[in-house]
Amino acid sequence: MDKILVTGGLGFIGSHTVVELQNEGYDVVIIDDLSNSSINVLDGITSITGKKPIFEKLDLKDKAGVEAFFEKHNDVKGVIHFAASKAVGESVEKPLLYYENNIGTLVYLLKELKKLPEASFIFSSSCTVYGQADELPITESAPVKQAESPYGNTKQIGEEIISDTCKVTPSIKAIALRYFNPVGAHESANIGELPIGVPQNLVPFITQTGIGLREQLSVFGDDYPTPDGTCIRDYIHVVDLAKAHVVALKRLLGNKNKANYETFNLGTGKGSSVLEVVQAFERVSGKKLNYKIVGRREGDIISAYADTTKANEELGWKTKLTLDDALRSAWKWEQKIRG
Ligand SMILES: NC(=O)c1ccc[n+]([C@@H]2O[C@H](COP(=O)([O-])OP(=O)(O)OC[C@H]3O[C@@H](n4cnc5c(N)ncnc54)[C@H](O)[C@@H]3O)[C@@H](O)[C@H]2O)c1
């Protein structure tokens, strides 16, 4: 079976994708520098699949290290590139760190892929490229808006770099996957999201509040023009998201792609408000969540959810798991890691 490189493969989405790749029989080699993950994730993956992926501890900012990796693993057929820094607020404080880690590393990888006879490349992009879209649900042809943060900008620039490279390098086929809001954990509770410090995302904040690690969840604004006044997002279960990567990879490896650079939205197509996510948590955990409504947070988009038609029809992929499934698995994971 083909050897697939997963960068950032010990991170949240990467680890779930490694599991799905191994379940499909792929040989997986992971690069991670452990800057936002733990080596224990390797055991979590192995306990689920029964097979330890090859692990190379490497900082992708180390250009010579990346070159040496490809000399050693010159039989890599595909790359799924998750490794990046992802904290929006931090990116505003430290833009150069973000440009170096998210753009520099992408360039080094593509330079190596250019040397291979053929390469399939999947890039982790984000719905953040759409900003507050003019029309909902959001299709892939919605205009890319001025980025709100250096992090968001790295996703936009990253897509452009890949598109420009593919134009002149037919041996590289690429897909940018624009994720909406990944949540949940593997049903085994052997892998999940491991935020360092105060969680930036809603679901880990909810589960940490549920377990008593945080006192209270602040809901930023209930006076938005939405049915219950709180912001709306498209929460996608990380296992559904991981499976989409395998489908996208197979499309490229099997030469089923329609162009050598394509983009797809990955979401459920359904928007859920902050209060609906809180209610889902309360339903699956049987616990009341301590939350309070506070003022709006600057820069928050009111509503974003995906039009999934292109992914459903072209990739033949659809989400199967629900918001309750996601909250149930996230809660099981939180209880396990604090237990
Ligand atoms: N989680 C989300 O909400 C979300 C939404 C849209 C897009 N994305 C993108 O998806 C990708 C994965 O996100 P995630 O939530 O799994 O993040 P994560 O932080 O859990 O995983 C990223 C992994 O990459 C590693 N890494 C970072 N820089 C590296 C470097 N220079 N060299 C080697 N390894 C490095 C980290 O140690 C970590 O294990 C990122 O590109 C992120 O921007 C995430």
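Everything in this summary refers to the structure shown in the same document. Here the residue numbering is sequential within each chain, running from 1 through the sequence in written order. Per-residue local features are limited, in this predicted model, to residues with pLDDT of at least 70; the limit for side-chain atom pairs, both in listing and counting, is 80 or more; totals at the level of whole chains, interfaces and linings are taken over all residues. Excluding hydrogens and water, the side-chain values take into account all heavy atoms of the structure.

**Description of the overall build of the protein**
Turning to step 1, where the next piece is worked out: In this text, helices come from DSSP runs of H or I with a minimum length of four residues, and strands from runs of E with a minimum of two, each type numbered from the N-terminal end. Assigned secondary structure in the protein consists of eleven helices and 13 strands.
Turning to step 2, where the next piece is worked out: With C-alpha atoms as the basis for the radius of gyration, the globule rule is written as 2.2 Å multiplied by the number of residues raised to the power 0.38. In terms of overall dimensions, the protein is globule-like: its C-alpha atoms have a radius of gyration of 19 Å, near the 20 Å expected for 339 residues.
Turning to step 3, where the next piece is worked out: Each principal axis of the C-alpha distribution contributes one length, and for the protein these read about 55 × 45 × 40 Å.
Turning to step 4, where the next piece is worked out: Residue exposure (1.4 Å probe, protein chains only): buried if accessible area is under 20% of the type maximum, exposed if over 50%, otherwise partly exposed. Per-residue burial over the protein gives 54% buried out of 339 residues.
Turning to step 5, where the next piece is worked out: Pairs at least 24 apart in sequence give 80% of the contacts found in the protein among residues at least 6 apart.
Turning to step 6, where the next piece is worked out: Residue burial considers only the protein chains on display, and all accessible areas are found by Shrake-Rupley using a 1.4 Å probe. Accessible surface computed for the protein: about 14,900 Å², of which carbon and sulfur atoms make up 50%.
Turning to step 7, where the next piece is worked out: A residue counts as positive if it is Lys or Arg and as negative if it is Asp or Glu; His and the chain ends are not included. Where a charge lies is defined by one atom per residue type: Lys uses NZ, Arg uses CZ, Asp uses CG and Glu uses CD. Within the protein, one finds 39 positive and 44 negative side-chain charges whose respective centroids are separated by 3 Å. Residue contacts are counted whenever heavy atoms from the two residues lie within 4.5 Å of one another.

**Some points on empty space enclosed by the protein**
Turning to step 1, where the next piece is worked out: Cavities and pockets were defined on a 1 Å grid built over protein atoms only: a cavity is a set of grid points that admits a 1.4 Å probe from which the probe cannot escape, a pocket is an open set flanked by protein on both sides within 12 Å along at least five of seven lines, and lining residues are those with an atom within 4 Å of any such point. Grid points are joined across faces, edges and corners, and a volume is the space filled by probe spheres set on the points. According to the stated counting rule, one finds one cavity of 30 Å³ or more in the structure shown.
Turning to step 2, where the next piece is worked out: Roughly 100 Å³ of internal volume is contained in the largest cavity.
Turning to step 3, where the next piece is worked out: Counting residues per element, the ones that place at least two in the lining of the largest cavity are α7 (202-211) and α11 (323-338).
Turning to step 4, where the next piece is worked out: Three classes are used, and their members are as follows: Ala, Val, Leu, Ile, Met, Phe, Trp, Tyr, Cys and Pro are nonpolar, Asp, Glu, Lys and Arg are charged, and the others, Gly among them, are polar. Split into classes, the residues belonging to the lining of the largest cavity amount to six nonpolar, three polar and three charged.

**Some points on the pairing of strand β8 (residues 217-220)**
Turning to step 1, where the next piece is worked out: On β8, burial follows the alternation: L217 and V219 on one face are buried, whereas S218 and F220 on the facing-out side are not.
Turning to step 2, where the next piece is worked out: Strand pairing follows a simple DSSP-based rule, namely that at least 2 bridges must link the two strands. Of the pairings in the sheet, the one linking β8 to strand β13 (residues 291-294) comprises four bridges and is parallel in character. Each bridged residue has a counterpart across the sheet, and for V219 the counterpart in β13 is I293.

**Notes on the pairing of strand β11 (residues 261-266)**
Turning to step 1, where the next piece is worked out: Among the six residues in β11, six count as buried, and that is most of the element.
Turning to step 2, where the next piece is worked out: The alternating pattern of β11 places Y261, T263 and N265 and E262, F264 and L266 on opposite faces, both of which are buried.
Turning to step 3, where the next piece is worked out: Note that strand β6 (residues 172-179) and β11 share six bridges and pair parallel. If you follow R178 over to β11, its bridge partner there is N265.

**With respect to the packing of α7 against α11**
Turning to step 1, where the next piece is worked out: Where α7 meets α11, the closest approach of the two axes is 10 Å, and the angle between their N-to-C directions is 50°. One finds that α7 runs oblique with respect to α11. Read as a crossing pair, α7 and α11 show a hand that is right-handed. Within the contact between the two elements, α7 uses V203, P204, T207, Q208, G210 and I211 and α11 uses L327, A330, W331, E334, Q335 and R338.
Turning to step 2, where the next piece is worked out: Grouping the constituent residues of the contact of α7 with α11 by class yields six nonpolar, four polar and two charged. Each axis is a line fitted through C-alpha atoms, and for a helix only the stretch in contact is used; angles between axes span 0 to 180 degrees, taken between their N-to-C directions. Angle categories: roughly parallel below 35 degrees, roughly antiparallel above 145, roughly perpendicular from 65 to 115, and oblique for all the rest. If you view the pair so one helix is near and one far, a crossing is left-handed when the near helix is turned anticlockwise from the far one by less than a right angle, and right-handed when it is turned clockwise.

**Here we look at the sheet that holds strand β2 (residues 27-32)**
Turning to step 1, where the next piece is worked out: Strand order in the open sheet formed by seven strands is β3-β2-β1-β4-β5-β6-β11, with parallel pairing between adjacent strands. The sheet terminates laterally at β3 (54-57) and β11, the two strands that pair on one side only. In this sheet, adjacent strand axes meet at a mean angle of 20° when their direction is disregarded.
Turning to step 2, where the next piece is worked out: Where strand β4 (residues 76-81) lies against strand β5 (residues 119-126), four bridges are found, and the strand directions are parallel. By the bridge assignment for β5, V79 is matched with F121.
Turning to step 3, where the next piece is worked out: Across the sheet, helix α8 (residues 238-253) is in contact with β1 (3-7), β4, β5, β6 and β11; its angle to β6 comes to roughly 160°.

**A look at the layout of surface pockets**
Turning to step 1, where the next piece is worked out: Roughly 190 Å³ of volume is contained in the second largest pocket.
Turning to step 2, where the next piece is worked out: If you trace the second largest pocket, you find it lined by E20, A185, H186, E187, H237, V239, K243, L321, D325, R328 and S329.
Turning to step 3, where the next piece is worked out: The set of elements that each furnish at least two residues to the lining of the second largest pocket consists of α8 and α11.
Turning to step 4, where the next piece is worked out: For the lining of the second largest pocket, the element with the most residues is α11, which contributes three residues.

**Digging into helix α6 (residues 150-168)**
Residues spaced three or four apart along an α-helix point in a common direction, a consequence of the helix completing one turn every 3.6 residues.
Turning to step 1, where the next piece is worked out: Under the 1.5 Å per step criterion, the end-to-end length of α6 is 27 Å for 19 residues, consistent within 8% with the ideal 27 Å.
Turning to step 2, where the next piece is worked out: P150, Y151, G152, T154, K155, Q156, G158, E159, I162, S163, T165 and C166 are the residues of α6 that are buried.
Turning to step 3, where the next piece is worked out: The elements touched by buried residues of α6 are α4 (88-93), α5 (95-115), β5, β6 and β11. Here the expected length of a helix is defined as 1.5 Å per residue gap, with one fewer gap than residues.

**Looking at the site of the ligand**
Turning to step 1, where the next piece is worked out: Residues are classed as near a molecule or strand on a simple rule: at least one heavy atom within 4 Å of it. In the vicinity of the ligand, 26 residues are found, and the nearest of them are D32, N36, K86, N101 and Y151.
Turning to step 2, where the next piece is worked out: At a separation of 3.1 Å, an oxygen atom of the ligand approaches a polar backbone atom of S35.
Turning to step 3, where the next piece is worked out: Nitrogen and oxygen atoms within 3.5 Å of one another constitute a polar contact, given that in protein one can donate a hydrogen and the other can accept it, and given that sequence-neighbouring residues count only through two side-chain atoms. Within the contact set of the ligand, an oxygen atom lies 2.7 Å away from a side-chain nitrogen or oxygen of N36.
Turning to step 4, where the next piece is worked out: In isolation the ligand offers 820 Å² of accessible surface; the protein chains occlude 95% of this area.
Turning to step 5, where the next piece is worked out: Of all the secondary-structure elements, those providing two or more residues to the shell around the ligand are α1 (12-23), β5 and α6.
Turning to step 6, where the next piece is worked out: For the shell around the ligand, the element with the most residues is β5, which contributes three residues.
Turning to step 7, where the next piece is worked out: Here the shell around the ligand is composed, by residue class, of twelve nonpolar, nine polar and five charged.

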